Amino acid sequence: MTDEEQQVVNLLKAMVQIPSVGAKEGQVADLIEAYLAPEWQAGLIRRKRITYAPGRDNLVLTVGDPKAKRWLGVDGHMDVVDAGDESKWEFPPFSAHIKDGRLYGRGATDMKSGLAAVIVALKKVAHTQLDHGIQLMATVGEEIDNYGARQLAAAGYGDRLAGLLVAEPGNSNVDAAERGIIDYTLTAHGKAAHSSRPDLGANAIHGLFAFANAALTATAPLQAKDDPILGHATHNIDMIRGGNQINSLPESAYLRGNIRTTMIADNDAFIQALKQAAKTAVPKGVHLSLSIDSVLGPAAASPDNALIETVQQARQHVGLDRGAVAYRTGITDAALFYHDGLDLAIYGPGNDTSHETNEYVTLQDVFDSVKVYKDVFMNY
Ligand SMILES: [Zn+2]
């Protein structure tokens with residue numbers, strides 16, 4: 001192992017050993033700051049912590065001329081999802097066990113390997129002369145509702161960025177876009193009565209079905225629109241609950257839906273359609289209430305934007321093939337920092353084991369990523 005490879009393995013191991021399951025991101029930030037201490041002490045890296053909650057700090061690191069005209073943003077989240085049933089793991093999920101060239105653990109793929117790789121690349125690049133700036137944002141709470149990115153975006157951290165590299169795993173794909181998301185809950189309120197006397201009550205489940213039909217009908221034309229980059233939007237009702245027993249009219253019921261949006265079938269259009277559907281005719285005595293629980297817009301840069309090309313060339317410089325360019329079906333922090341004209345690339349080490357038991361990353365994948373990131377940081 002080269003010295004650089006050893007550094008990224010050590011940093012990644014230490015990161016995975018912090019169980020930052022929607023918490024403790026401040027400890028990951030501590031690790032990063034300790035690793036970069038020689039650089040920030042020498043004034044080569046500037047650092048700022050933006051506290052989200054006690055023990056949960058976002059960390060923003062910048063390199064290059066503070067007055068630079070052109071800024072490359074780099075994003076990586078420090079939190080991970082729950083490990084699930086730990087007894088099902090081959091190695092304990094926060095042990096960062098290495099076997100046969102793979103490092104196992106929660107966050108190995110999603111996305112402490114991407115974060116460790118960009119940090120090691122930043123440390124190297126901090127010692128060189130750049131004509132642009134690099135603004136690395138290590139965020140909190142991405143897996144819950146992008147808490148950190150929302151906070152940083154609201155504070156203006158996305159505004160000056162010409163490009164944004166999100167170091168999320170992707171099996172060597174170099175993606176330029178991601179769909180947006182809407183989660184909603186529709187609750188139907190009715191009145192309980194004996195099922196033999198429905199005239200005395202109001203059936204909440206019947207009201208819920210009326211909404212479901214209206215909502216799927218109202219959003220069908222939006223789902224039919226084919227976005228040139230993001231394909232079709234989708235709308236699924238994924239949860240439904242209601243009723244207490246077989247001979248009683250249900251007095252309340254709810255369902256929850258999930259929508260994945262595109263630039264031409266966007267969040268506003270879907271929310272409008274849902275609001276319309278919530279006014280549909282329902283049984284007498286039933287009323288519907290719609291709650292939009294979470295919203296994130298789509299982010300769709302051109303597949304041949306300048307940052308994608310820089311990543312592809314960097315891959316070639318280090319002896320890799322050009323990656324496939326597609327869009328992400330999942331969401332990242334990108335949407336929060338997205339603005340018209342932003343060059344966007346979602347690219348990082350890791351595979352399809354995100355959020356799974358026995359999540360792992362291949363060390364060679366991480367080593368290649370450090371080289372690619374260094375090249376991108378120098379040449380964007
Ligand atoms: Zn992730």
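Only a predicted model underlies this, so the values are computations on that prediction, with no experimental measurement involved. (Residues numbered from 1 in each chain as written. Predicted model: local features only at pLDDT ≥ 70, side-chain atom pairs only at ≥ 80, totals over all residues.)

Participant: Help me understand the pairing of strand 9 (residues 180–189), please; the structure alone is not making it clear to me.
Facilitator: Consecutive side chains of a regular strand alternate in pointing toward one face of the sheet and then the other. Note: strand 9 against strand 13 (residues 252–261), 10 bridges, orientation antiparallel. From the neighbouring strand, Ala-188 faces strand 13, where its bridge partner is Ala-253. For strand 9 and strand 14 (residues 287–296), the ladder comprises nine bridges, and the chain directions are antiparallel. When the sheet's bridge partners are listed, Thr-185 is paired in strand 14 with Ser-291. (Pairing = 2+ DSSP bridges. Helix = DSSP H or I, 4+ residues; strand = E, 2+ residues; numbered from the N terminus.)

Participant: What is the right way to look at the nonpolar core in this model?
Facilitator: Across soluble globular proteins, you tend to see nonpolar side chains buried next to one another. One finds Ala-117, Val-118, Leu-122, Leu-165, Leu-344 and Ala-345 to be the most contacted residues of the largest nonpolar core, which totals 81 residues. Ranked by the residues each element gives to this core, the list is headed by helix 4 (residues 108–125), at 11 residues. In this structure, Val-118 is in contact with Val-74, Gly-76, Leu-136, Ala-167 and Tyr-373, ignoring residues within four places of it in sequence. In terms of nonpolar packing, the next biggest core, distinct from the first, is built from 24 residues, Ala-265, Val-282, Val-286 and Leu-288 among them. (Core = buried A, V, L, I, M, F, W, Y, C linked by C-beta atoms within 7 Å. Buried ≥ 20, exposed ≤ 12 C-beta atoms within 10 Å, placed from the backbone. Contact = placed C-beta atoms within 7 Å.)

Participant: Even after reading the chapter, I still don't get the UniProt feature "domain: Peptidase M20 dimerisation" (unreviewed entry) in the protein, so can you show me in this structure?
Facilitator: Residues annotated by UniProt as "domain: Peptidase M20 dimerisation" (unreviewed entry) correspond here to residues 177–285. Secondary structure across residues 177–285 divides into 29% helix and 32% strand, with the first and last C-alpha atoms of the span separated by 45 Å. (UniProt positions renumbered as here; feature names shortened; annotations may be inferred.)

Participant: Looking at this structure, how should I read helix 6 (residues 147–154)?
Facilitator: An α-helical segment advances 3.6 residues per turn. Residues three or four places apart therefore align on the same side. Buried within helix 6 are the following residues: Tyr-147, Gly-148, Ala-149 and Leu-152. Buried residues in helix 6 make contact with strand 1 (46–53), strand 2 (56–63), strand 3 (71–77), strand 6 (133–139), helix 5 (142–145) and helix 10 (334–337). The positive-phi residue at the C-terminal boundary of helix 6 is Gly-156, with phi of around 90°.

Participant: Can you walk me through the domain arrangement of the protein in this structure?
Facilitator: Interface size is commonly expressed as the accessible surface area that is lost when the partners come together. According to the domain assignment, the protein contains domain 1 (3–178 + 299–379) and domain 2 (180–296). Between the C-alpha centres of domain 1 and domain 2 there is a distance of 37 Å. In this assembly, eight residues from domain 1 lie in contact with seven residues from domain 2. Along the lines of polarity and charge, the residues of the side of domain 1 that touches domain 2 split into six nonpolar, one polar and one charged. (Domains from an automatic or database assignment. Nonpolar A, V, L, I, M, F, W, Y, C, P; charged D, E, K, R; others polar.)

Participant: What is the right way to look at the packing of helix 4 against helix 11 (residues 363–379) in this model?
Facilitator: Any two packed helices are characterised by the angle at which their axes cross and by the distance between the axes. Contact geometry of helix 4 with helix 11 gives a least axis separation of 8 Å together with a crossing angle of 45°. Taken together, the axis directions place helix 4 and helix 11 in an arrangement best described as oblique. Viewed along their axes, helix 4 and helix 11 form a crossing whose handedness is right-handed. In this structure, helix 4 contributes Ser-113, Gly-114, Ala-117, Val-118, Val-120, Ala-121, Leu-122, Lys-124 and Val-125 to the contact, and helix 11 contributes Val-366, Ser-369, Val-370, Tyr-373, Lys-374, Phe-377 and Met-378. Here the residues of the contact of helix 4 with helix 11 are counted per class, giving 11 nonpolar, three polar and two charged. (Axes fitted to C-alpha atoms, helices over the stretch in contact; angles between N-to-C directions. Parallel < 35°, antiparallel > 145°, perpendicular 65-115°, else oblique. Left-handed = near helix turned anticlockwise from the far one by under 90°.)

Participant: How should the sheet that holds strand 15 (residues 299–300) be read in this particular structure?
Facilitator: Hydrogen bonds between backbone atoms are what pair the strands of a sheet, whose relative direction is either parallel or antiparallel. Pairing in this open sheet of three strands is mixed, and the strands run 15-8-16 from one edge to the other. Each edge of the open sheet carries a strand with a single partner, namely strand 15 and strand 16 (327–328). With two bridges connecting them, strand 8 (residues 177–178) and strand 15 associate as antiparallel partners. Bridge assignment links Glu-178 to a residue of strand 15, and that residue is Ala-299.

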